[in-house]
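Survey of secondary and tertiary structure
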Amino acid sequence: MAEIKKLDYSFYGRKDVVKIARELLGKVVVTEFNGQRTSGRIVETEAYNGAVDRASHAFGGRRTRRTEIMFGDAGTAYVYLCYGIHHLFNVVTNEKDIPHAILIRGVEPLEGIPVMLQRTGKKRPDNTLTRGPGNVSKALGLLTVHTGSSLSGEQVFIADDGYRPRKAEIGVSPRIGVDYAGPDAELPYRFFVKGNEYVSGPRAKAD
DNA sequence: CGACCGATCGTCT
DNA sequence: GACGATCGGTCGA
């Protein structure tokens, strides 16, 4: 078994959120609530570049009750409610007062699949279990109450188990669902593992 | 396969 | 009072 190493501030605290988003591909997100452990390998991410990014909730340095956590220390979770239904899970990066974040949009299930089925109300595991940011959070049991949780902690953490997608396997594209961001909607801030069935978006050409 | 639609509620104006 | 960093279902070509 490869050694499992929790990512810490030396990973999350760096300044290039786009680079970190790419590096998160292949890492493992683990949650353990009430003894129920679930985990999945990250296959899709999106970088949100803080104050200068029209797609970010923190665009223009906007500090509100909701966005405040992004202005805090790196290596914490930013989970917010979208459309009143979906809890979206983000990783806060960069130093304090710089509101960078990375949305986890798809993971490949590893541990605790029965628990994920229970949480999502699905009968059998298929690619919709953890495909798309809303489904990822639901399967992993992440809710808005977990906003501010350390990502190097016991309940929630992200680890490096030695696996790394090859460079040729990594796809890049504009982000999904951010048409409101004008020119920033075109930025190549979305990263995914090509051909992986847990990557969201149009099936057509992930090649 | 693409277009559209309803669900549902915390956050901000 | 309006509006989403979404999802899953339905409808029609």
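As shown above, the structure is provided for reference.
Let us look at the structure shown here.

Here is what the cut-offs are and how they apply
Residues numbered from 1 in each chain as written. Chains lettered and ligands numbered in written order. Predicted model: local features only at pLDDT ≥ 70, side-chain atom pairs only at ≥ 80, totals over all residues. Heavy atoms only, no water. Buried < 20%, exposed > 50% of the residue type's maximum accessible area, 1.4 Å probe, protein only. Helix = DSSP H or I, 4+ residues; strand = E, 2+ residues; numbered from the N terminus. Pairing = 2+ DSSP bridges. Near = heavy atom within 4 Å. Polar contact = N/O pair within 3.5 Å; in protein donor to acceptor, adjacent residues only side chain to side chain. Nonpolar A, V, L, I, M, F, W, Y, C, P; charged D, E, K, R; others polar. Contact = heavy atoms within 4.5 Å. Phe/Tyr/Trp six-rings, centres within 6.5 Å; stacked < 30°, edge-to-face > 60°. Lys NZ or Arg CZ within 6 Å of the ring centre and 35° of its normal.

1. Let's talk about the pairing of strand β7 (residues 156-160)
- Counted residue by residue, β7 has five buried out of five residues, so it is predominantly covered.
- The two faces of β7 match: V156, I158 and D160 on one face and F157 and A159 on the other face are all buried.
- With two bridges joining them, strand β1 (residues 5-6) and β7 adopt antiparallel strand pairing. Bridge assignment links K5 to a residue of β7, and that residue is D160.
- The sheet contact formed by strand β2 (residues 28-33) and β7 spans four bridges and is antiparallel. Residue pairing for β7: V30 is matched across the bridge by F157.

2. Some details on the protein's contact with DNA strand B
- Near DNA strand B the following residues occur: R62, T64, R65, R66, L81, Y83, G84 and I85.
- Sugar and phosphate atoms constitute 73% of the interface atoms of DNA strand B, taking the interface as everything within 4 Å of the protein.
- Within the backbone of Y83, an N or O atom sits 2.2 Å from a base oxygen of DNA strand B.
- Each residue belonging to the surface near DNA strand B can be placed in one class, and the counts come to three nonpolar, two polar and three charged.

3. Description of helix α3 (residues 113-120)
- Among all positions in α3, only V115, M116, L117 and T120 are buried.
- In this fold, the buried residues of α3 make contact with β3 (36-48), β6 (100-111) and α4 (133-140).
- Looking one or two places after α3, you find G121, whose phi comes out positive at around 75°.

4. Quick word on the protein's contact with DNA strand C
- In the vicinity of DNA strand C lie 20 residues, with H57, Y80, Y83, H86 and N90 positioned nearest.
- Near-protein atoms of DNA strand C (within 4 Å) split between backbone and bases, with sugar and phosphate holding 50%.
- Contact between DNA strand C and P133: a phosphate oxygen at 3.2 Å from a main-chain N or O atom of the residue.
- A distance of 3.4 Å separates a phosphate oxygen of DNA strand C from a polar side-chain atom of N135.
- Among the secondary structure elements, those contributing two or more residues to the surface near DNA strand C are β5 (86-93), β6 and α4.

5. Observations concerning the environment of G134
- Within the element layout of this structure, G134 appears in helix α4.
- In sequence terms G134 and P99 are 35 residues apart; their C-alpha atoms lie 22 Å from each other.
- Here G134 is in contact with H86, H87 and L88, once residues within four sequence places are set aside.

6. A closer look at the packing of aromatic side chains
- One pass over the structure, following the stated rule, counts two aromatic pairs.
- Pairing F11 with Y12 gives two aromatic rings, centres 5.6 Å apart and planes at 90°, and the pair type is edge-to-face.
- For F11, a relative accessible area of 10% translates into the label buried.
- The exposure class assigned to Y12 is buried, which follows from its relative accessible area of 0%.
- Measuring from ring centre to ring centre gives 5.5 Å for Y78 and Y80, while their planes differ by 25°; the resulting arrangement is stacked. Comparing Y78 with Y80 shows no difference in burial state: the two are buried.
- If you follow R175 out to its NZ or CZ, it ends over the ring of Y48, 4.7 Å from the centre.

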